[in-house]
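# Examination of the molecular architecture
Residue strings, one per chain:
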Amino acid sequence: MDYQNYISGRVRGIKPSGIRKFFDLLDGRDNVISLGIGEPDFVTPWHIRDAGIRSLERGYTHYTPNAGTMELRRAINHYMERRFSLSYHPEEEIVVTVGGSEAIDLAIRALIETGDEVLLPEPAFVCYSPIGQLTGAKVVSIPTSAETGFELSPEALEAAITPRSKLLVLPFPNNPTGAVLEGETLARVAEIAKKHDLIVLSDEIYAELTYEGEHVSIASLPGMKERTIVVGGFSKSYAMTGWRLGYACGPKEILKVMTLIHQYAIMSAPTTAQYAAVEALEHGDEDIEVMREEYNERRLLLVEGLNRLGLTCVPPKGAFYAFPSIKSSGLSSEEFCEKLLLEQGVAVIPGGAFGAPGEGHVRCCYASSKEDLTEALRRIEVMLGK
Ligand SMILES: Cc1ncc(COP(=O)(O)O)c(C=O)c1O
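Sequence positions are assigned chain by chain, starting from 1 and proceeding in written order. In view of the model being predicted, local features appear only for residues whose pLDDT reaches at least 70, and side-chain atom pairs are presented and counted only at 80 or more, with totals across whole chains, interfaces and linings using the full set of residues. Based on all heavy atoms of the structure, the side-chain values leave hydrogens and waters out of the count.

### A short note on the overall build of the chain
Secondary structure follows DSSP: runs of H or I at least 4 residues long count as helices, runs of E at least 2 residues long count as strands, and numbering of each begins at the N terminus. Per the secondary structure count, the chain includes 13 helices and 12 strands. Relative to the compact-globule value of 21 Å for 386 residues, the chain shows a C-alpha radius of gyration of 21 Å, a close match. With the principal axes as the frame, the chain shows a C-alpha extent of 60 × 55 × 55 Å. Think of it in three bands: residues with accessible area under 20% of the maximum for their type are buried, residues over 50% are exposed, and the middle band is partly exposed, with areas taken using a 1.4 Å probe on protein chains only. When the 386 residues of the chain are sorted by exposure, 55% land in the buried category. Any pair of residues with heavy atoms lying within 4.5 Å of one another is described as a contacting pair. Taking the intrachain contacts of the chain between residues at least 6 apart in sequence as the baseline, contacts between residues at least 24 apart amount to 76%. For the chain, the computed accessible surface area is about 16500 Å², with 52% contributed by carbon and sulfur atoms. Within this scheme the basic residues Lys and Arg register as positive and the acidic residues Asp and Glu register as negative, but His and the chain ends are omitted. Charge placement uses NZ in Lys and CZ in Arg. For Asp and Glu, CG and CD serve respectively. Positive and negative side-chain charges of the chain, numbering 38 and 53 respectively, have mean locations separated by a distance of 3 Å. Throughout, radius of gyration means the C-alpha value; the globule benchmark is 2.2 Å times the number of residues raised to the power 0.38. Per-residue and other accessible areas were derived by the Shrake-Rupley procedure at a 1.4 Å probe size, with only the shown protein chains allowed to occlude residues.

Right, dumping it as structure tokens:
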């Protein structure tokens, strides 16, 4: 059978993630230090795990309402009010999803039709572009660069807009660059979104991991709440990747459609995770603080070490990645990563996996112990022959 004849043309156009390829190379190797995967090395704080366990003991093993338990949606609203001065109606403006990933998928599928243009600052997390392609979107990359701290330039954004532009993805704090969007730049981006009548998909999954100043959501700027979908989640800030829980908040007309798709595709997000998430939102601030402080120390250690080795690194202000330039090595990002893995047993991800503007860089995740980061730096130094 020629299965290719059966596979949808839209899927055939999608390449496997450049991250996955490196995990395949990792398989079966010993003594590897992985700075590759983007997940906390912390285990979910005990009181949050305990809330999940208690829900199981009480027999809460059924589906929840499609949009999530009302208790959790209320807790999300309180959290958004408390942390970002944003208020969302729990009944109409919040949907609980399977990770932030599903929230992104729902938002794009709810809005995009064939030929619509999705504006995407790159480098960026790997999912936006393929999901956009699956809906028939034209994904328009807006390159950001180390020279400008990987911030989105309002001029470049405006230049990329056409009459078909519908959705602006704002992936800040950014994976893989660690850039944040703030102050004057954020305000100018908001003005452009209003002027050109764009909807903004603001992926704020790393909002709590901001090291210099406080995270500001674009939705909290004047006139922006009505045109912004905020994506949040539990994976990064509460070390809950395996629980698979996230959410989207936004205008009720859009959330209604997102919830409709979610209802048919998923039914409801994991029940145990929803009970644990209420505990996280209501009593997890201190855990976030402890983890953020630890990531901050690791961030400073890694960035200093990379710069010392000539791998120039824009200081990341958020998330848990450093994105150094590897141009001084004379290698492409892929060559650098393969050599580092095969010769020294250190896994990092080629920058090109996050869009063409990422070439010439590699992503190093610092959600690893200081001992591992120090040893990884030593091995990189050996590889570079310093
Ligand atoms: C920027 C960004 N958004 C969303 C996600 C999805 O996270 P999850 O589905 O675990 O909530 C990730 C995961 O790496 C990410 O880096």
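Now that the structure is up, let's keep going.
### A word on the pairing of strand S5 (residues 165-170)
Among the six residues of S5, five are classified as buried, and the element is accordingly described as predominantly covered. Whether two strands pair comes down to DSSP finding at least two bridges between them. Where strand S3 (residues 117-122) meets S5, three bridges bridge the pair, whose relative direction is parallel. Its bridge partner lying in S5, Leu119 is registered against Leu168. Across four bridges, the pairing between S5 and strand S6 (residues 199-203) is parallel. Directly across from Leu170, in S6, lies its bridge partner Ser202.

### Observations concerning the site of the ligand
Taken together, 13 residues form the shell around the ligand, and within it Gly100, Ser101, Asp203, Ser235 and Lys236 come nearest. Polar contacts, as used here, are pairs of N or O atoms within 3.5 Å; protein pairs need one atom able to donate a hydrogen and one able to accept it. Residues neighboring in sequence count only if both atoms are side-chain atoms. Taking Ser101, its side chain carries an N or O atom lying 2.5 Å from an oxygen atom of the ligand. Asn175 is positioned such that a nitrogen or oxygen atom in its side chain is 2.8 Å from an oxygen atom of the ligand. About the coverage of the ligand: the protein hides 92% of its 400 Å² of free accessible area. By convention in this text, a residue qualifies as near a molecule or strand provided that one of its non-hydrogen atoms is within 4 Å of it.

### A few points about the domain arrangement of the chain
An automatic or database domain assignment is the source of the domain bounds shown. As assigned here, the chain comprises domain 1 (3-44 + 286-383) and domain 2 (47-284). Each of domain 1 and domain 2 has a C-alpha centre, and these two points are 23 Å apart. Defined in terms of a 1.4 Å probe, buried area is the accessible area two parts forfeit on being brought together, summed over both. Buried area between domain 1 and domain 2, summed over both chains or domains, comes out near 3400 Å², and the portion from carbon and sulfur atoms is 61%. Put simply, a salt bridge is a Lys or Arg side-chain nitrogen that is within 4 Å of an Asp or Glu carboxyl oxygen. Counting the contacts that link domain 1 with domain 2 gives three salt bridges. Residues Glu182 and Lys317 are paired through a salt bridge, measuring 3.3 Å at the closest nitrogen-oxygen approach. For the pair domain 1 and domain 2, the number of links is 22 residue pairs in polar contact (both at pLDDT 80 or more). Secondary structure elements with two or more residues in the side of domain 1 that touches domain 2: helix H1 (9-12), helix H11 (285-308) and strand S9 (321-322). For the side of domain 1 that touches domain 2, the residue count by class is 21 nonpolar, nine polar and eight charged. For this classification, the nonpolar set comprises Ala, Val, Leu, Ile, Met, Phe, Trp, Tyr, Cys and Pro, the charged set comprises Asp, Glu, Lys and Arg, and every other residue, Gly included, is treated as polar.

### So, the pattern of salt bridges
Where charged atoms of side chains with opposite charge meet at close range, the side chains can pair. Summed over the entire model, instances satisfying the criterion amount to 23 salt bridges. A salt bridge links Arg54 to Asp50; its shortest N-O distance comes to 3.5 Å. Taken as a pair, Arg54 and Asp50 lie in helix H3 (residues 46-57) at a separation of four residues, close to a single helical turn. For Arg379, the salt bridge identified is with Glu375, shortest N-O distance 2.9 Å. Separated by four residues within a single helix, Arg379 and Glu375 lie in helix H13 (residues 370-383), roughly one turn from each other. Here the residues in one salt-bridge network are Asp41, Glu294, Glu297, Arg298 and Lys370, joined through shared partners.

### Quick look at the environment of Ile326
Residue placement: Ile326 occurs in the loop between S9 and helix H12 (333-344). When its relative accessible area of 0% is taken as the criterion, Ile326 is described as buried. Excluding anything up to four places from it in sequence, Ile326 contacts Leu311, Leu331, Ser332, Ser333, Phe336, Gly360, His361 and Val362.

### Here we look at the nonpolar core
The nonpolar core is taken to be a set of buried Ala, Val, Leu, Ile, Met, Phe, Trp, Tyr and Cys residues, with the residues joined through side-chain atoms within 4.5 Å. Grouped together as the largest cluster of nonpolar side chains are 68 residues, with contacts concentrated most on Leu119, Leu157, Leu170, Ile218, Leu306 and Phe320. If you count residues domain by domain, this core takes at least three from each of domain 1 (3-44 + 286-383) and domain 2 (47-284). Discounting residues that sit within four places of it in the chain, Phe320 has contacts with Gly38, Glu39, Pro40, Tyr206, Leu209, Tyr211, Lys236, Tyr295, Cys364, Cys365, Tyr366 and Ala367. Within the second largest apolar cluster, 29 residues are counted, among which are Ala207, Ala219, Tyr238 and Tyr247.

### Observations regarding helix H5 (residues 99-111)
Because each turn of an α-helix spans 3.6 residues, side chains separated by three or four positions end up pointing in the same direction. Helix span, expected: 1.5 Å multiplied by one less than the number of residues in the helix. Between its first and last C-alpha atoms H5 spans 19 Å; for 13 residues at 1.5 Å apiece the expected length is 18 Å, and the two agree. Counting buried positions along H5 yields 10 of 13 residues, so the element is predominantly enclosed. Listing the buried residues of H5 in full gives Gly99, Gly100, Glu102, Ala103, Ile104, Asp105, Leu106, Ala107, Ile108 and Leu111.

### Re the pairing of strand S4 (residues 138-143)
With six bridges joining them, S3 and S4 adopt parallel strand pairing. Residue pairing in the sheet places Glu122 in a bridge with Pro143 of S4. Every crossover in which the path from the first strand over the helix to the second runs clockwise, viewed with the strands pointing away from the viewer, is termed right-handed. On the question of chirality, the crossover connecting S3 to the parallel S4 by way of helix H6 (residues 128-134) is right-handed.

### Points about the packing of aromatic side chains
The relation between two aromatic rings is expressed through the spacing of the ring centres and the mutual angle of the planes. Planes of paired rings set the category: under 30 degrees apart is stacked, over 60 is edge-to-face and the rest tilted, where pairs are Phe, Tyr or Trp rings (Trp by its six-membered ring) whose centres lie within 6.5 Å. Across all of its chains, the model carries 13 aromatic pairs by this definition. Both rings, one in Tyr211 and one in Tyr366, keep their centres 6.5 Å apart while their planes meet at 50°; by these two values the pair is tilted. With Tyr211 in the loop between S6 and strand S7 (228-233) and Tyr366 in the loop between strand S12 (362-365) and H13, this pair connects stretches of sequence that are 155 residues apart. An identical accessibility class is assigned to Tyr211 and Tyr366; each is buried. Ring centres 5.7 Å apart and planes at 65° place the aromatic pair Phe234 and Tyr247 in the edge-to-face group. Here Tyr247 lies in strand S8 (residues 246-249) and Phe234 lies in the loop between S7 and S8, a separation of 13 residues in the sequence. No difference in accessibility class separates Phe234 from Tyr247, as the two residues are buried.

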